[in-house]
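Commentary on secondary and tertiary structure
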Amino acid sequence: MADKQISLPAKLINGGIAGLIGVTCVFPIDLAKTRLQNQQNGSRLYTSMSDCLIKTIQSEGYFGMYRGAAVNLTLVTPEKAIKLAANDFFRQHLSKDGQKLSLLREMLAGCGAGTCQVIITTPMEMLKIQLQDAGRIEAQRKLMSQAAVRAPGGPVELRSHTAMQLTRELLRSQGIAGLYKGLGATLLRDVPFSIIYFPLFANLNSLGGRGADGPAPFYVSFASGCIAGSTAAVAVNPVDVIKTRIQTMTRGSQEDTYNGVTECIRKILRQEGPSAFLKGAYCRALVIAPLFGIAQVVYFLGVGEFLLSFLPQQNN
């Protein structure tokens, strides 16, 4: 199936809309993933995704499940736009006369897309993780010392940690590098993810095409996005655990800190065992599957082109 020709503005709009819809639907599961991945032996508060979400609602209210959502909703539009548009760009330039790409070229296009997106992904996830994990740290402190948490200033300190405040503090203390902490781990996660996801999606989606050049029905694109997304998400989950641990700035009193990918791997293996690298894997699959399913439906339905059609056309 030939790649669909879509203008760059339409690609950006499609990616942005898809990201906004997808993140809104799955953000609570993503919050549970972050908190489960950050749990270390001796400081386990949650036994499962459902247990995490129930305890979060009980202690922080319904909107506690959306801590950090504002950061994601703000930055997911450029992130998803860059990811989808970059993959399309590389696919078109690697294609020979519109012919179907070889698997190697599809993987190269995915590699290029994954590399481009980290410009937005790294600072977005850096800020999001701090906000998502704040409730876990607060709950741990309550268990350790009820008096300390109830003292004046305790809860207020956590509430004051907004995305803007965190950004200002990081820029003031560490410069722009503070927002890009964990860049290497993000690359190690997102590049392999895109190398797996985009070729797998393209091949699954082509199975439901209507004829040689006809696009696949929207439900085929949705299912292909879900299957490819969840497969790639589970495959790179060990690196996602490493990235989450490295990017987390505030930790419990008995939790380890990590200075890099190698040290993080070594400490996790020694203290928690290999199974720790699968923490949050099913949550991540549940997040990514509908996120990319929705993204591909929006993208291939051409929502961006539809919206652009309402803009006044310039006459030459």
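Calculation notes
Counting starts from 1 at the beginning of each chain's written sequence and moves along it residue by residue. This being a predicted model, a pLDDT of at least 70 is required before a residue's local features are given, and a value of 80 or more before pairs of side-chain atoms are given or counted; all residues contribute to the totals for chains, interfaces and linings. Note that water and hydrogens are dropped before the side-chain values are worked out from all heavy atoms of the structure. UniProt positions are given in the numbering used here, feature names are shortened, and annotations may be inferred rather than shown by experiment. Interaxial angles span 0 to 180 degrees and are taken between N-to-C directions of axes, which are lines fitted to C-alpha atoms, for helices over the stretch in contact. A run of H or I in DSSP counts as a helix once it spans at least four residues, and a run of E counts as a strand once it spans at least two, with each numbered from the N terminus. In these notes the angle categories are as follows: under 35 degrees is roughly parallel, over 145 is roughly antiparallel, 65 to 115 is roughly perpendicular, and the rest is oblique. We call a crossing left-handed when the near helix sits turned anticlockwise from the far one by less than a right angle, and right-handed when that turn is clockwise. Two residues qualify as a contact provided that any one of their heavy atoms is within 4.5 Å of a heavy atom in the partner residue. Two rings belonging to Phe, Tyr or Trp (six-membered ring only in the last case) form a pair when the distance between their centres is within 6.5 Å. Interplanar angles under 30 degrees mark stacking, angles over 60 mark edge-to-face geometry, and anything in between is tilted. Using a 1.4 Å probe on the protein chains alone, a residue whose accessible area is under 20% of its type maximum counts as buried, one over 50% counts as exposed, and one in between counts as partly exposed. Remark: nonpolar core denotes a set of buried residues (Ala, Val, Leu, Ile, Met, Phe, Trp, Tyr, Cys) joined through side-chain atoms within 4.5 Å. A side-chain nitrogen of Lys or Arg and a carboxyl oxygen of Asp or Glu constitute a salt bridge if their distance falls within 4 Å. In this description, a disulfide is simply a cysteine sulfur pair whose atoms lie within 2.5 Å.

Per an unreviewed UniProt entry, the protein goes by Mitochondrial glutamate carrier 1 and derives from Oncorhynchus mykiss. UniProt, in the comment section headed Subcellular location (unreviewed entry), describes the protein in these words: "Mitochondrion inner membrane".

Let us now look at the packing of helix H9 (residues 183–206) against helix H10 (residues 218–235). At their nearest, the axes of H9 and H10 sit 8 Å apart, and the two run at 155 degrees to each other. Judged by the angle between their axes, H9 and H10 are roughly antiparallel. Judged by the sense of rotation from one axis to the other, the crossing of H9 with H10 is right-handed. Contacts between H9 and H10 involve Phe 193, Ile 196, Tyr 197, Leu 200, Phe 201, Leu 204 and Asn 205 from the first element and Val 220, Ser 221, Ser 224, Gly 225, Ile 227, Ala 228, Gly 229, Thr 231, Ala 232, Ala 233 and Ala 235 from the second.

For the structure shown, the criterion picks out nine aromatic pairs. Ring geometry for Phe 27 and Tyr 66: centres 6.0 Å apart, planes at 15 degrees, overall stacked. With Phe 27 in helix H1 (residues 8–38) and Tyr 66 in the loop between helix H2 (49–60) and helix H3 (69–94), this pair connects stretches of sequence that are 39 residues apart. You can call Tyr 66 partly exposed: its relative accessible area is 23%. Relative to Tyr 197, the ring of Phe 193 has its centre 5.8 Å away and its plane inclined at 10 degrees; by these criteria the two rings are stacked. One end of the pair, Phe 193, and the other, Tyr 197, are both in helix H9, four residues apart, so they sit about a helical turn from each other. The two residues Phe 193 and Tyr 197 agree in class, both being buried.

In terms of nonpolar packing, the biggest core is built from 35 residues, with Ala 32, Met 49, Phe 193, Tyr 197, Cys 283, Ile 288 and Phe 292 touching the most fellow members. Listed by contribution, the elements that provide at least two residues to this core are H1, H2, H3, H9, H10 and helix H13 (281–301). With nine residues, H13 is the largest single contributor of residues to this core. If we ignore the near neighbours within four places in the chain, the residues touching Ala 32 are Met 49, Cys 52, Leu 53 and Cys 283. Grouped together as the second largest cluster of nonpolar side chains are nine residues, Ile 242, Ile 246, Tyr 258 and Ala 276 included.

On inspection of all chains with the given rule, the structure shows 18 salt bridges. Of the charged contacts in the structure, one is a salt bridge between Asp 190 and Arg 189, with a shortest N-O distance of 2.7 Å. Both residues of the pair, Asp 190 and Arg 189, belong to the buried class. Lys 267 is paired through a salt bridge with Glu 263; the nearest N and O atoms lie 3.6 Å apart.

Let us look at the state of the cysteines. Each disulfide consists of one covalent bond between the sulfur atoms belonging to two cysteines. Counted by the stated rule, this structure contains zero disulfides. With no disulfide of its own, Cys 116 has Cys 111 as its nearest cysteine by sulfur position, at a separation of 9.4 Å.

Right, let's get into the environment of Ala 10. Looking at where Ala 10 falls in the secondary structure, it is placed in helix H1. A relative accessible area of 0% places Ala 10 in the buried class. Here the alpha-carbon distance between Ala 10 and Val 303, two residues 293 residues apart in the chain, equals 7.6 Å.

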